[in-house]
Structure formats: C-alpha cells, structure tokens
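Coordinate analysis (summary)
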Amino acid sequence: MFLITTPIEDTWKKSGKILFLGEWCKIYSRKSIWSKLDYEVLPYHWDDREKYYQDYKKLGIVYEKYLSKTALLLNEYHSCDHSLRYWRIVIGFWLSYLINILFDRYSSINTVRRYHSIDSTFVMKNDCKKWVASNFLDFRNQFRTDNWNHFIYGELIKYVDDIPYEIIGLDKIPNNKKSKTNGINKKVIKKIFNQYKDWIPDSRNQVAFVDHTFNTFDIIKLQLSLKQFPIPDYYSNLNMEIGTLDIPFRKSTKLNCGNSEFDQLLNILIPRLIPSAYLENYKTIKNRCLDFYPNKVSAIYTTSSYSGNEGFKIWAAEKTNNGSKLIIGPHGGGFGNSLFDQSLDHQLDISDRYFSWGWESPNKKNDVVPLPADKLISIKKKLKPKSEGDILLVCASFPRYFYYMGSYPIAGQFLKYIDDQLSFISNLSEDVKSLLKIRLHTQRRGLGWDIGLRLNDYGYKSLIDTNTNHLYDRINQSRLCIATYNATVFLETLSANIPTILYWDPNHSENNAMAQPYFNELRSVGILHDSPENAAKMVNEIYSNPCTWWNQQEIQIIIKKFCEKFAYVGDDWINEWKTELQSLID
C-alpha cells in the first residue's frame, strides 16, 4: 500500500492500493483523478471528540512545559532575563499552535504505523530553513498550505523511520501569501495619525487602544471621556522579513524536555522552526516597537494584536513588565460559550483583565469583566431587516488541515458541515429557494473545499450570492439571516434584533456548561436547530414574514437574555467602559 499525505499529485502513485492520510488529500476539483484510484482514507484520530477534548487538556500541559524551556533558550540567546509571562506574551500564541499542529500530524502518522503496512511513500526534497516563518502571520499562511504540510509529514516520517519512503527531487518553495497592502487613502490616513500621535504627551494617553473593534467615532468619544487626546488606533505592524537566519544555532540546538517520541520531535523542531521575529530579528523589532508605541501607559487594550503583531507583543511584554495592565477583549464570537478554545486560553493567560461580551469566568480564576461589546455597540444603528428582502444563508469555511484546538469542525469533519448545507437547501420549498442567497466566506474561498463548485454540481449555482458588498449591507437587504456556525455573525444579528435562524451540529460545536442553558432556550423557540432539516422546516414556515414570528414576546425575552450574556451592548456603554478603565488608571 502506498501512502499519500497531501494533494500534491507529483507525490502520488496512480496504481496499486492507496492510503490517503486524510480527507484533505482529496481536492474536490480533482475528483476525476482520485476517484479512479484504488484507495481508502485513514480514519481521523480526532473524529472521537471526547479524545479530542482530552488531548486538548493534555497538550495544554505539554505547552506549559515547552514554554518554560523555550523561554530559557531565548533568554540565553538574547542575553536577557525576561520572565515567563514576558515570553508567554511574545511567543506563546505561536508555540501553542505549533505544538498542537505537530501533535495532530504526528498522530495521523502514528495511526498509519499501528494499523497499516505501507510499502512506500514519496517525501519531497526539502530544506528546513526554507520553512522558517518570519512571524506568526507568516506561519499561519504556511500551515494552511499543502507544501508546508507535506514538508512536516516528511520530517515526521523520516524521524520515526519505520515507514518506507523515497525522497524525490521536488524542492517546493513556500507558497506563503503576502498580506494585502492598504489602499493609498488608508496609507495617507495612517501616516497622518502616526505623525499626530508623536505630539501627544504620555499624561494624555494613559490607555492605549491598539487593534480594537470600536468604530472610529465611538473610540474618539471614549478617549475624550477619559480626557485623552483621541488616537483611533496605532496603525502599524512592525513585523519584518526573515533576513539572515542563524542556521548553525538552529541546527545545533536541541531542547532537553521529556522522553517520549513526540517530545523528542519537539526538542528538534521548535528550535529549527521558531520564527525569526523571536530569534534573529527580535532585537530590531524590539527597538522599533519601543520607539513607535507610547513610552508610559497605565493600560493597553487590544482585541487581536496579541496574536500576529510581533511589535505589539514585544512592546506589551515590556510594558506589563513595568506595571502596565494588559486588557484583551474578544474580536468575534464563540469566546465564552465554547467548551474549549485554545485562543481564549492564551488571552486569559496573558491579560490582567479580560473584557467579555457579557459572560463571566465560570471558575472565577480569571479577572473577566463583562462590558458592552465594542464590536457590537454600533450595530443597532447599522442593521435593519428588509421585509421584502432576500433570505441570506451565511456559510463558514475552515482550512482542510487542523490548526487550532476548539469547539468547531476540524479537518475532514468539515465535509459533514458541507453536507448539512446541501441538506438544508434541498429541504427548502421552491418559494424559499427563489429568495435564497448563499454567501460564501469571501476571505476563505481558497482553502480547498471548493464549496462553490459543490453547490454548482448540485444545481445551486444560481443561489450563490455574487454581491460583494459588506455583510452588513447584505443583511440590510434581507428579511432573514441564517447563520450556520457558532461565531460572530449571529451575535451581530441577535444584538441588532434581526430575524435569525441558526443551525449547526452540536457534536462539532460543543458548548460549555455555563452557556448550554442559554443555547437550549434558543432551541426552545425555534431559533437554534441541531439539524439542517429542522432548520429548513422552520424557514419554510416563517419565510413570508419572519418579523411577525421574531417579535413575539416570548422570543424577544429569550433573545434579550441571551444577548445580555454573549452579545451585551448596554444602554450606557461609554460610562461602563469609562468607569472600568478609570479604575485601572487610578
């Protein structure tokens, strides 16, 4: 049996028995090729969601162990003595992703070793240094690609050395996507604001707002209420290109942590793959960020710079080391109601205070403060249903490869999600279909699931929304919004009181114990459904006038109760924020 690890067909054999390592190998648009092979697909090790959850907890322990070792390594390399919290802020997000991703890939290879007899597989000739990311955003672009994953599977196969392999001369170059550059108008605005900020004294800038989700008008009002000079945002990402790598150090360094085979892999691969922002370029980025961001701040607020803005992370680590408070808020939905979430864990671990959208920490271990959601407070004024409008079906898309531990469909489980969408549409009445517009995820159409092509093959091409307007504009042109995944969209529509139907597989979108009763109440009034068939039945019943159903007193009470916990906007948001922030300043 020949093992195929990725969709790169140059690494395939087209005869004999084939074992695909996962559903990610079978690109839908190439069905005419792989459907003719004598193949089977390896069962995915995390289709057992209980095992997935238990592994999440185990890997959290592994992460803590390797964070300590990597922090010591970086302190030695940079001749410094920073705290564990400092390095948690700087490298923690990347390190947790890398460990979990490598464990997933290693587990698939391990399943092959245990249950299959492999005759051979092809491993492309690759040089590890070509896959060193410059920063987390670069790394994120990498781990979604087939080339990076083929490289990782190849490294694992070579290390375990009990799956026969042949190295072939295809030296793939990393196909990383470059971040989009802003238009000329945004560049001019950023230049003006960056010059303006340098004139503001530190005493008038005690709370720095960086990469938040307030609109410009609201953030200026809030800053004025705090008696600060308004700075809508800090328009900079101080990431750098890779530059010259310290290859001798990377190749000769091996962490000394743990005895398992997986530990030994991490001991080798963490030093080799650590982004240059944390090693070779660290000091340069540090100097730039300390020059760019304010010198003295009492508090720092962000909703997403903790993940991919290396300059911000180093600056925040430096400032918290000197007593500044790091505050983080959600950048979208899902946080607080999911059974588990790797990103939220990190946010809570590094922040001094977390501003939630209404929920409190169930275990009271974290300083979580419910405040009106900065992303949602202006939504009420923007969104209003159109009684004779469309029915908008909003679809998700996730990478074909696992990348992040949380309560969502991972890897091949997304095929179940796609099947659910097809089932939902097929169960709609013809009248409803005539109004339906299917909005695909505009920023994730290239992840390889070919959702548009699948819809076309099922005869639904005409239903795909070709309107490229902002989602809010499309909601305003619709009588009913249908959200199909537990994320931001339905919190936006519920907080704006837009008629909404929800459906997703509860086995792939698990809620925590605190959130479960609130979601059950949505189920009780027909808003949330566990099957696409039931959701379609509900839409067929209410589509002609969704507002009549939506505005019933019982439903409105449940919506208000839900939003107070997960999409809170409040009647006096500015004073709530001002009071909380002033308590940190004082």
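Heads up: these notes are all about the structure in this document. Computed from a prediction, not measured in an experiment: that's the story for all the values here.

This paragraph deals with the overall build of the protein. The number of helices and strands found in the protein is 24 helices and 15 strands. Here the C-alpha atoms of the protein give a radius of gyration of 25 Å, agreeing with the 25 Å that 2.2 N^0.38 yields for 586 residues. Within the protein, the proportion of its 586 residues that are buried is 59%. Nonlocal contacts in the protein, meaning residues at least 24 apart in sequence, comprise 75% of its contacts between residues at least 6 apart. Charge-centre separation for the protein: the mean point of 73 positive side chains lies 4 Å from the mean point of 66 negative side chains.

Turning our eyes to something else, we now look at the nonpolar core. One broad rule of soluble globular proteins: the nonpolar side chains tend to lie buried together. Phe-139, Phe-424 and Val-539 are the most contacted members of the largest nonpolar core, which totals 203 residues. Tallying contributions element by element places helix H3 (residues 84-115) first for this core, with 17 residues. Phe-424 has contacts with Leu-393, Ile-482, Tyr-503, Pro-532, Ala-535, Ala-536 and Val-539, leaving out every residue within four places of it along the chain.

To continue, consider the sheet that holds strand S7 (residues 299-302). Taken in spatial order, the five strands make up an open sheet running S6-S7-S8-S9-S10, and their pairing is parallel. Edge positions in the open sheet fall to strand S6 (207-209) and strand S10 (368-370), since each of these has one partner strand only. Averaged over neighbouring strand pairs, the angle between their axes works out to 25 degrees when direction is ignored. Note: strand S8 (residues 325-328) against strand S9 (residues 353-356), two bridges, orientation parallel. Paired with Ile-328 across the bridge in S9 is Tyr-354.

Take helix H20 (residues 516-524) next. Of all the positions in H20, only Tyr-518, Phe-519 and Leu-522 are classed as buried. Down the axis of H20, the smallest arc covering the buried residues is 95 degrees, so these residues share one side. Residues of H20 that are buried in the fold lie against helix H19 (489-495), strand S14 (500-503), strand S15 (528-529) and helix H23 (553-566). Gly-526 occupies a position one or two residues after H20 and carries a positive phi of about 85 degrees.

To continue, consider the packing of H3 against helix H5 (residues 146-160). Following both chains from N to C, one finds H3 and H5 inclined at 55 degrees, their axes separated by 10 Å at the closest point. For the element pair H3 / H5, the angle class is oblique. Crossing angle aside, the handedness with which H3 passes H5 is right-handed. On H5, the residues that touch Ile-101, Leu-102, Arg-105, Tyr-106, Ile-109 and Arg-113 of H3 are Trp-148, Asn-149, Ile-152, Tyr-153, Leu-156, Ile-157 and Val-160. A breakdown of the residues in the contact of H3 with H5 according to their chemical character gives ten nonpolar, one polar and two charged.

Burial runs high along strand S13 (residues 478-483): six of the six residues are buried. Strand direction decides the pairing type here: strand S11 (residues 390-394) and S13, joined by five bridges, are parallel. Each bridged residue has a counterpart across the sheet, and for Asp-390 the counterpart in S13 is Ser-478. In terms of strand pairing, S13 meets S14 through three bridges, oriented parallel. Its bridge partner lying in S14, Cys-481 is registered against Thr-500. Between the parallel elements S13 and S14, the chain passes through H19 in a crossover that is right-handed.

The subject of this paragraph is the packing of aromatic side chains. Within this structure, the stated rule accounts for 64 aromatic pairs. Relative to Phe-566, the ring of Phe-562 has its centre 5.1 Å away and its plane inclined at 45 degrees; by these criteria the two rings are tilted. Of the two residues, Phe-562 and Phe-566 are both situated in helix H23; the distance of four residues between them amounts to about one turn of the helix. The pair Phe-562 / Phe-566 is uniform in exposure class, with both members buried.

Turning our eyes to something else, we now look at helix H13 (residues 342-350). Within H13, seven of the nine residues are buried, which leaves it mostly tucked inside the rest of the structure. As for H13, its buried residues are in contact with helix H2 (49-77), H3, helix H11 (305-308), S8, S9 and S10. With a side-chain oxygen lying 2.9 Å from the backbone nitrogen of Ser-343, the N-terminal cap of H13 falls on Asp-341.

Tallied over the full model, the rule gives 26 salt bridges. The partner of Glu-23 in a salt bridge is Lys-26, with the nearest N and O atoms 3.1 Å apart. We classify Glu-23 as partly exposed; its relative accessible area is 23%. Between Arg-474 and Asp-390 there is a salt bridge; the shortest N-O distance is 3.2 Å. A residue pair is termed long-range when its members are at least 10 positions apart, and Arg-474 in helix H18 (residues 471-476) and Asp-390 in strand S11 qualify at 84 residues. Among the residues examined, Arg-474 registers a relative accessible area of 2% and is labelled buried. One connected set of salt bridges, linked through shared partners, spans Arg-113, Asp-162 and Glu-261.

Right, let's get into the environment of Gly-22. Mapped onto the elements of the fold, Gly-22 is located in the loop between strand S2 (17-20) and helix H1 (31-34). Along the sequence, Gly-22 and His-45 sit 23 residues apart, while their C-alpha atoms lie 9.9 Å from each other.

Structurally, His-346 can be placed in helix H13. Those residues in contact with His-346 that lie beyond four places of it in its chain are Tyr-63, Arg-88, Gly-92, Phe-93 and Tyr-306.

Moving on, we get to the pairing of S9. Side chains of S9 alternate between two faces, with Arg-353 and Phe-355 and Tyr-354 and Ser-356 buried alike. Assessed by its sense of winding, the connection that carries the chain from S8 through H13 to S9 is right-handed. As judged from the three bridges shared by S9 and S10, these two strands associate in the parallel manner. Note that in S10 the partner of Ser-356 across the bridge is Pro-370.

Bringing the sheet that holds S14 into the picture now. One open sheet accounts for five strands, arranged S12-S11-S13-S14-S15; its pairing is parallel. At either end of the open sheet lies a strand with only one pairing partner, and these are strand S12 (436-439) and S15. Where S11 and S12 come together, four bridges link them in parallel fashion. Bridge pairing in S12 links Val-394 to Arg-439. In this fold helix H21 (residues 532-542) packs onto S11, S13, S14 and S15, with an angle of close to 165 degrees to the strand it touches most, S14.

The rules we used
- Residues numbered from 1 in each chain as written.
- Predicted model: local features only at pLDDT ≥ 70, side-chain atom pairs only at ≥ 80, totals over all residues.
- Heavy atoms only, no water.
- Helix = DSSP H or I, 4+ residues; strand = E, 2+ residues; numbered from the N terminus.
- Rg over C-alpha atoms; globule rule 2.2 N^0.38 Å.
- Buried < 20%, exposed > 50% of the residue type's maximum accessible area, 1.4 Å probe, protein only.
- Contact = heavy atoms within 4.5 Å.
- Lys, Arg positive; Asp, Glu negative; His and termini not counted.
- Charge placed at Lys NZ, Arg CZ, Asp CG, Glu CD.
- Core = buried A, V, L, I, M, F, W, Y, C linked by side-chain atoms within 4.5 Å.
- Pairing = 2+ DSSP bridges.
- Axes fitted to C-alpha atoms, helices over the stretch in contact; angles between N-to-C directions.
- Arc of directions from axis to C-beta.
- Parallel < 35°, antiparallel > 145°, perpendicular 65-115°, else oblique.
- Left-handed = near helix turned anticlockwise from the far one by under 90°.
- Nonpolar A, V, L, I, M, F, W, Y, C, P; charged D, E, K, R; others polar.
- Right-handed = clockwise from strand over helix to strand, strands pointing away.
- Phe/Tyr/Trp six-rings, centres within 6.5 Å; stacked < 30°, edge-to-face > 60°.
- Polar contact = N/O pair within 3.5 Å; in protein donor to acceptor, adjacent residues only side chain to side chain.
- Salt bridge = Lys/Arg side-chain N within 4 Å of Asp/Glu carboxyl O.

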